[in-house]
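Below are the chains, spelled out letter by letter.
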Amino acid sequence: AKKVFSTDVYENAGISIVREASLKTAELAGDGTTTTCILANYMIQNGIGNPTVTDIEQMQLALDDVRLAIEYRTMPVKIGSNRLVKVAAISAKDYELGELVANAFSVAGENGTVLFEESDTTETYLEQSEGTIIDRGYADSSFITRQDKRTAEYKNPVFLLVDDRIDKLSKIEKQLNTCLQHKYDVVIFAHDYSSEVLRLLAANHRRGVIRILPIKAEGVGNGKGEFIKDIATLVGADQYDENSYFGGTCVNIIANDIRTIITVADLETPKFQERITNLKGLIDNEKDPHLRSFHKKRLAKLVGKLCTIRVGGYTPADVKERYDRVEDAVCAVRSALEEG
């Protein structure tokens with residue numbers, strides 16, 4: 001879908017609309033780009049006249065019927081089941097690759113995350129690590145470090161976590177100067193950032209003065225403060241003052257516009273284990289079902305495993321082709337586990 005292009009400006013406008021729809025489907029469901037293009041083509045060919053409001057209402061009713069029909073036919077899929085292997089194999093168009101993808105989800109476990117990266121060898125294999133995935137990406141696209149992937153990636157950065165909104169750069173100036181002196185890359189977590197702070201951080205990042213990755217804290221209200229403390233414990237950051245934590249590191253961090261993956265070397269530290277014990281106690285003693293669910297989600301993020309599929313091949317084209325199939329399979333399996 002990304003490669004289709006026309007020199008005719010009107011034809012290309014139509015192509016862009018269908019491409020955008022198919023890529024949105026891939027983003028939400030993990031697969032289904034071909035299905036989207038086929039449905040779009042059918043609707044365009046049959047709606048080439050002058051569709052009325054009634055036609056559009058009828059399409060919406062038909063959509064509701066289709067959704068109900070799919071839900072009625074849906075079969076649940078569990079980690080470790082043969083059905084999951086089949087889902088992965090069909091999407092990857094390769095049974096062995098499907099088995100590998102399904103196995104990756106078994107290794108990661110119910111609360112874990114499966115990632116995929118290119119391998120430095122010809123082999124395709126699994127690699128397990130500790131860490132977490134956060135449902136927040138970089139605060140602004142100005143901080144992207146890899147344009148080919150639209151991601152911000154750092155190895156062994158220093159963390160600065162602020163349990164508040166950063167509305168002025170003076171709030172974090174001392175910590176940034178420390179990082180500047182030691183030439184550290186710095187990852188910042190905060191409730192939010194003012195446009196002025198983001199502009200100044202982006203200017204310093206762009207000029208190469210200091211490499212920075214600002215991310216907004218996950219959650220709402222008091223949940224953001226608990227999130228900040230969870231991440232501080234995960235990366236080993238110490239309390240700097242009443243509202244901030246500074247220091248600590250991770251093996252690597254990868255952020256895109258919607259999520260961030262933090263990989264750490266060791267989760268067996270006394271502070272981390274104490275945090276897990278406290279969280280389990282909160283879950284056991286909490287009477288409010290919403291708060292209990294919130295604490296369970298926090299615990300799942302902290303104890304979940306990361307399993308990376310390292311995709312290898314004999315030529316760059318071979319790696320790219322296999323990588324695309326693994327990506328399809330991983331996304332299809334995620335969707336199957338969520339909704340059958």
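Preceding block: the structure.
First, a word on what this report is: a plain description of the structure on this page. Everything numeric here is computed off the predicted structure, so don't read it as measured data.

## Notes on the overall build of the protein chain
Per the secondary structure count, the protein chain includes 11 helices and 11 strands. The C-alpha extent of the protein chain, read off along each of the three principal axes, is 65 × 50 × 45 Å. By the burial criterion, 39% of the 340 residues in the protein chain qualify as buried. Entry remark: accessible area of the protein chain is about 20100 Å², with carbon and sulfur atoms responsible for 52%.

## Things to note about the sheet that holds strand β8 (residues 244–247)
The sheet built from five strands is open, its strands ordered β6-β5-β4-β8-β7 with mixed pairing. Here the strands that pair on one side only, and so sit at the sheet edges, are β6 (212–216) and β7 (238–241). Between one strand and the next, the sheet's axes are offset by a mean angle of 30°, whatever the strand orientation. Lying over the sheet, helix α8 (residues 222–235) contacts β4 (158–166), β5 (186–193) and β8, oriented at roughly 170° with respect to β4.

## Section: the layout of surface pockets
With a probe scaled to a water molecule rolled over the atoms, the places where space remains empty come into view. Taken as a whole, the second largest pocket encloses approximately 250 Å³ of empty space. Together, Lys 229, Ala 232, Thr 233, Ala 237, Asp 238, Gln 239, Tyr 245, Lys 271, Glu 274, Arg 275 and Asn 278 line the second largest pocket. Elements represented by at least two residues in the lining of the second largest pocket include exactly α8, β7 and α9 (270–285). Sort the elements by how many residues they give to the lining of the second largest pocket and α9 lands first, with four residues. Looking at the lining of the second largest pocket, its residues break down into three nonpolar, three polar and five charged.

## Describing the sheet that holds strand β1 (residues 113–118)
Two orientations exist for strands paired in a sheet by backbone hydrogen bonds: parallel and antiparallel. Here we have six strands laid out as an open sheet, ordered β1-β11-β2-β10-β9-β3, and mixed in their pairing. Since the sheet does not close on itself, it has two edges, and those belong to β1 and β3 (152–155), each with one partner. Neighbour-to-neighbour, the strand axes of the sheet open up by a mean angle of 30°, direction not taken into account. Bridge count between strand β2 (residues 125–134) and strand β10 (residues 260–264): five bridges; the pairing is antiparallel. In the sheet register, Ile 133 faces β10, and the bridge partner there is Ile 261.

## Considerations on the pairing of β2
Walk down a regular strand and you will see the side chains alternate between the two sheet faces. Pairing of β2 with strand β11 (residues 305–311) involves six bridges; the strand directions are antiparallel. Its bridge partner being in β11, Gln 128 is matched across the sheet by Cys 307.

## Some details on helix α6 (residues 173–182)
Turning to α6, its buried residues are Gln 175, Leu 176 and Cys 179. The buried side chains of α6 occupy one side of the element, clustering within an arc of 100° when seen end-on. Among the exposed residues of α6, those oriented more than 90 degrees off its buried face are Lys 174 and Gln 181. Lining the buried residues of α6 we find β4, β5, α7 (195–206), β7 and β8.

## A look at the packing of aromatic side chains
Evaluation of the coordinates by the stated rule reveals four aromatic pairs. Residues Phe 116 and Tyr 323 carry aromatic rings whose centres are separated by 5.5 Å and whose planes lie at 70° to one another, so their mutual orientation is edge-to-face. Of the two residues, Phe 116 sits in strand β1 while Tyr 323 sits in helix α11 (residues 316–339), which places them 207 residues apart along the sequence. By the burial criterion, Phe 116 is buried, and Tyr 323 matches it.

Cut-offs used in this document
- Residues numbered from 1 in each chain as written.
- Predicted model: local features only at pLDDT ≥ 70, side-chain atom pairs only at ≥ 80, totals over all residues.
- Heavy atoms only, no water.
- Helix = DSSP H or I, 4+ residues; strand = E, 2+ residues; numbered from the N terminus.
- Buried < 20%, exposed > 50% of the residue type's maximum accessible area, 1.4 Å probe, protein only.
- Areas by Shrake-Rupley, 256 points an atom, 1.4 Å probe, with all protein chains shown as cover.
- Pairing = 2+ DSSP bridges.
- Axes fitted to C-alpha atoms, helices over the stretch in contact; angles between N-to-C directions.
- Contact = heavy atoms within 4.5 Å.
- 1 Å grid on protein atoms, 1.4 Å probe; cavity = no way out; pocket = protein on both sides within 12 Å on 5 of 7 lines; lining within 4 Å.
- Points joined across faces, edges and corners; volume = space filled by probe spheres on them.
- Nonpolar A, V, L, I, M, F, W, Y, C, P; charged D, E, K, R; others polar.
- Arc of directions from axis to C-beta.
- Phe/Tyr/Trp six-rings, centres within 6.5 Å; stacked < 30°, edge-to-face > 60°.

Limitation: the analysis is restricted to geometry and does not speak to function.
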